[in-house]
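Fold and contact review
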Amino acid sequence: MATNPVVTDELTYCAVHPDRETALRCNKCDRYMCAECAVQTPVGYRCKQCVRQHEDKFFNATDTDLIVVFAACAVLAGVGAVIVQYIGFIFLILLLSLPVGGGIAEIALRLTQRRRGRYSGHIGAAGVVVGGIIGVMAQTLIAVWPLLSDPRVAQQGGIATGDLLQIAFSGVMDISVLLFIGIAAFAVYGRFRMKL
Ligand SMILES: [Zn+2]
Ligand SMILES: [Zn+2]
């Protein structure tokens, strides 16, 4: 008599949620998982632990890499934002900010041998925002410096630090600068999400 495959009517439950009945299993580690715990991947349904483990192998950036990514994005976006402040031509900025942001991310990736971390995209985008704002603030102050350093200003008690910051920040509150920083940060984040 041939042995039939064992068929059990036993109910099975999610490994994470013992109160949820499920027949679905992770195709890597075989544990039972409910619909909420299952993640659809190109190779089938897997549990969250296996997906995370797989990602950890992909995310191999060191702390230094993340600092390099932040610094590279900040410096390049700072230079870019200063140039944008000069151009001020919104159509051109709309057209160029996305590829420029992609280019910034590409340079950051090359500088770090394309190693990535789970938060590389966030860090790169933060670098773009911080660098863009600081670059434009510095540029704005440099532009008005001849006025500020006028001896008559000093005679009237000089300029308070608060006023100085306000003047510097007025340069950032420029639609073309804000558009560039926003779009470039978005592009950097997007580029880091792409797995190549
Ligand atoms: Zn698994
Ligand atoms: Zn579950």
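Anyway, here's the lowdown on the structure attached to this text. For clarity, every value in this text was computed on a predicted model and none was experimentally measured. (Residues numbered from 1 in each chain as written. Chains lettered and ligands numbered in written order. Predicted model: local features only at pLDDT ≥ 70, side-chain atom pairs only at ≥ 80, totals over all residues. Heavy atoms only, no water.)

1. Some words on the overall build of the chain
Counting its regular elements, the chain contains seven helices and two strands. The C-alpha atoms of the chain give 26 Å as radius of gyration, which overshoots the globular expectation for 196 residues (16 Å, by more than 25%). Considered along the principal axes of its C-alpha atoms, the chain spans approximately 105 × 35 × 30 Å. Sorting the 196 residues of the chain into buried and exposed places 33% on the buried side. Per element, the accessible surface of the chain, about 12,400 Å² overall, is 64% carbon and sulfur. Averaging the coordinates of the 17 positive side-chain charges in the chain and doing the same for the 14 negative ones gives two points 7 Å apart. (Helix = DSSP H or I, 4+ residues; strand = E, 2+ residues; numbered from the N terminus. Rg over C-alpha atoms; globule rule 2.2 N^0.38 Å. Buried < 20%, exposed > 50% of the residue type's maximum accessible area, 1.4 Å probe, protein only. Areas by Shrake-Rupley, 256 points an atom, 1.4 Å probe, with all protein chains shown as cover. Lys, Arg positive; Asp, Glu negative; His and termini not counted. Charge placed at Lys NZ, Arg CZ, Asp CG, Glu CD.)

2. Overview of the coordination of the zinc ion (ligand 1)
In this structure, Cys26 (SG), Cys29 (SG), Cys47 (SG) and Cys50 (SG) serve as the protein donors to the zinc ion (ligand 1), at separations of 2.3 Å. One can describe the site at the zinc ion (ligand 1) as tetrahedral: its four donor atoms subtend angles covering 103 to 116° at the metal. Each donor residue of the zinc ion (ligand 1) belongs to the same chain, and together they define the spacing C-x2-C-x17-C-x2-C. One end of the pair, Cys26, is in the segment before strand S1 (38-41); the other, Cys50, is in helix H1 (residues 48-58), and 24 residues separate them in sequence. Summarising the burial analysis for this pair, Cys26 and Cys50 share the class buried. (Donors = N, O, S within 2.8 Å, 3.2 Å for Na, K, Ca; no water. Tetrahedral: all angles 85-135°; square planar, octahedral: opposite > 155°, others 65-115°.)

3. Topic: the coordination of the zinc ion (ligand 2)
Within the first shell, the zinc ion (ligand 2) binds the protein through Cys14 (SG), His17 (ND1), Cys34 (SG) and Cys37 (SG), at distances of 2.0 to 2.3 Å. Look at where the donors of the zinc ion (ligand 2) fall in the sequence and you get C-x2-H-x16-C-x2-C. Placement of His17 in the segment before S1 and of Cys34 in the segment before S1 is noted, with a sequence separation of 17 residues between them. Each member of the pair, His17 as well as Cys34, carries the same accessibility label: buried.

4. Description of the pattern of salt bridges
In the structure shown here, the tally under the stated rule is eight salt bridges. As a salt-bridge pair, Arg20 and Glu36 come within 2.7 Å of each other at their nearest N and O atoms. Note that Arg20 is positioned in the segment before S1 and Glu36 in the segment before S1, a separation of 16 residues in sequence. Overall, the relative accessible area of 31% leaves Arg20 in the partly exposed class. We classify Glu36 as partly exposed; its relative accessible area is 47%. (Salt bridge = Lys/Arg side-chain N within 4 Å of Asp/Glu carboxyl O.)

5. So, the pairing of S1
Bridge count for S1 against strand S2 (residues 44-47) is four bridges, and the pairing is antiparallel. Within the sheet, the bridge partner assigned to Thr41 lies in S2 and is Gly44. (Pairing = 2+ DSSP bridges.)

6. A few points about helix H7 (residues 175-193)
Across its 19 residues, H7 extends 27 Å between first and last C-alpha, which sits within 8% of the 27 Å expected from 1.5 Å per residue. Along H7, the positions that sit buried rather than exposed are Ser176, Val177, Phe180, Ile181, Ile183, Ala184, Ala185, Ala187, Val188, Arg191 and Phe192. Those residues of H7 that are buried lie in contact with helix H2 (63-87), helix H3 (90-111), helix H4 (120-148) and helix H6 (161-172). (Expected span 1.5 Å × (residues − 1). Contact = heavy atoms within 4.5 Å.)

7. What to know about the nonpolar core
Core analysis: the biggest nonpolar cluster contains 24 residues, and Cys73, Ala108, Val128, Phe180, Val188 and Phe192 have the highest contact counts within it. Broken down by secondary-structure element, the contributors of at least two residues to this core are H2, H3, H4, H6 and H7. By residue number, the principal contributor to this core is H7, which donates seven residues. Residue contacts for Cys73: discarding those within four places in its chain leaves Ile104, Ala108, Gly124, Gly127, Val128 and Val188. One finds Cys14, Met33, Cys37 and Ala38 within the second-largest nonpolar core, a separate group that totals eight residues. (Core = buried A, V, L, I, M, F, W, Y, C linked by side-chain atoms within 4.5 Å.)

8. A few points about a nonpolar patch on the surface
A contiguous nonpolar surface patch, about 890 Å² in accessible area, is contributed by Val75, Val79, Ile83, Ile87, Phe89, Phe91, Leu92, Leu95, Leu96 and Val100. Of all the secondary-structure elements, those providing two or more residues to the nonpolar patch are H2 and H3. Tracing the backbone through its elements, the reader meets Val75 in helix H2. (Patch = residues over 30% accessible without salt bridge, like charges linked within 9 Å, V, L, I, M, F, W, Y side chains within 5 Å.)

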